[in-house]
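In case you want the letters, here they are:
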Amino acid sequence: MNDPHLRFSSTTTYTGYTRQHDYTITVRHSPWRTKVVALSIDGNEQLQLEPDPPYSDQTDTELPLAEGPIDEAIPEAAQSNVEVRVGGWLAVRITVKRPNDEGELNDDEVIHVSTAALGGAGEVEVHSGLSVAPLLPEPGSRSKARDLKRSAKPNTFALIAGLTTATRLIVPLLGLGALFAFITEPIKKWFSKHLTPILEPIFAWLGHLLEPVGRLLTAIGRFIGRVIDFLFGWVPSFQLPFDVPDWVWPTVRIALLAFVAYSVSRSNLKRRQKRLEDARVRASNEPS
């Protein structure tokens, strides 16, 4: 019996040593949510959260899946004099505050927690300025397997990212936009018939009120146009000796954006692979 809830949801513990601090964080990765279950910094528990109850048919209807995003301050931990603030829903950010020389708490590092699209796996990184250090998922976890797959085949996953970007751009060209417009046409007609007489005076008043802003934006646009003409006006215009079909330029733009997405994704995967290797070296060199 395969439970679809358990298939796409898992709880994983991430650990690591960076910036002279030990981190241990337990995360529940679900398709609809990223939930931080526990957080320990330098051996001191920073979060006191109740874990989710086990899944069952009875409790499924009782769990509020549409809660608002977490945004609650966690009381200061007496052992470490550290305060954390958790915020986010799909991607969680944990801001760690530490005392400065005057004893005031300032934002120090931010722990980024995210979940893969289908849930069950994710990643955790500690950000401090331009420094990014990933935390290592526990052995045997889905997050560990995901990291190994992406490290072994970065080109494949980067290609998937590029194809995903291309698909997002191609879908509007397949006529779905016209289909959606046809379906919503009765709604637009109803709004036009019943609400336009009420809203038209309000829009006219807003237009009169915002007229100075429109004139300012027009002047800014003319200035930017002059700057562009000054910088690139020397480039001669040219025409191709043959006709280019209308579909060529949109296709070229989509292919270019897909290539950019592929390149960026591949670069990010290579960068993360190096950071994971550095984190493993630090973990192996850390005295027990």
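Conventions and cut-offs
Residues numbered from 1 in each chain as written. Predicted model: local features only at pLDDT ≥ 70, side-chain atom pairs only at ≥ 80, totals over all residues. Heavy atoms only, no water. Helix = DSSP H or I, 4+ residues; strand = E, 2+ residues; numbered from the N terminus. Buried < 20%, exposed > 50% of the residue type's maximum accessible area, 1.4 Å probe, protein only. Contact = heavy atoms within 4.5 Å. Areas by Shrake-Rupley, 256 points an atom, 1.4 Å probe, with all protein chains shown as cover. Pairing = 2+ DSSP bridges. pLDDT = per-residue confidence, 0-100.

Caption draft 1: The arrangement of the overall build of the protein in detail. A tally of regular secondary structure across the protein gives nine helices and 11 strands. Taken over 288 residues, the protein has a buried fraction of 28%. Across the protein, every contact between residues at least 6 apart in sequence was considered, and the portion connecting residues at least 24 apart equals 47%. Summed over its atoms, the accessible surface of the protein is roughly 19,700 Å², and 63% of this surface lies on carbon and sulfur atoms.

Caption draft 2: Highlighting the pairing of strand β8 (residues 105-115). Bridge analysis of strand β7 (residues 92-99) against β8 gives eight bridges, and the strand direction is antiparallel. Note on β8: the bridge partner recorded for Arg-93 is His-112. A loop of five residues connects β7 with β8, the two strands running antiparallel in sequence, and Gly-103 in this loop sits at a positive phi of about 90°. In this structure, β8 lies alongside strand β9 (residues 122-128), joined through six bridges in antiparallel fashion. Across the sheet, Thr-115 pairs through a bridge with Gly-122, a residue of β9. Where β8 folds back onto β9 in an antiparallel hairpin, the turn is made up of six residues, including Gly-119, whose phi is positive at roughly 80°.

Caption draft 3: Up close: the sheet that holds strand β3 (residues 33-41). Read from one edge of the open sheet, five strands run β4-β3-β2-β1-β11, paired in antiparallel fashion. What marks the edges here is a single partner per strand, and that holds for β4 (44-45) and β11 (136-137). Note: strand β1 (residues 10-18) against strand β2 (residues 21-30), nine bridges, orientation antiparallel. Looking at the pairing, Thr-18 lines up with His-21 of β2.

Caption draft 4: Inspection of the confidence of the model for the protein at higher detail. On average, residues of the protein score 78 in pLDDT, and 79% of them reach the 70 mark or higher. The secondary-structure element of the protein with the lowest mean pLDDT is helix α2 (residues 57-60), recorded at 39, while β11 shows the highest, at 94. Confidence over residues 1-5 falls short of pLDDT 50; this stretch has four contacts with residues more than four positions distant or in other chains.

Caption draft 5: Region of interest: unusual backbone geometry. You will see that Arg-19, though not glycine, has its phi angle at about 55°, which is positive. Inspection of the secondary structure puts Arg-19 in the loop between β1 and β2. Phi is positive for Asp-42, which is not a glycine, with a value near 55°. Examined against the element boundaries, Asp-42 turns out to sit in the loop between β3 and β4.

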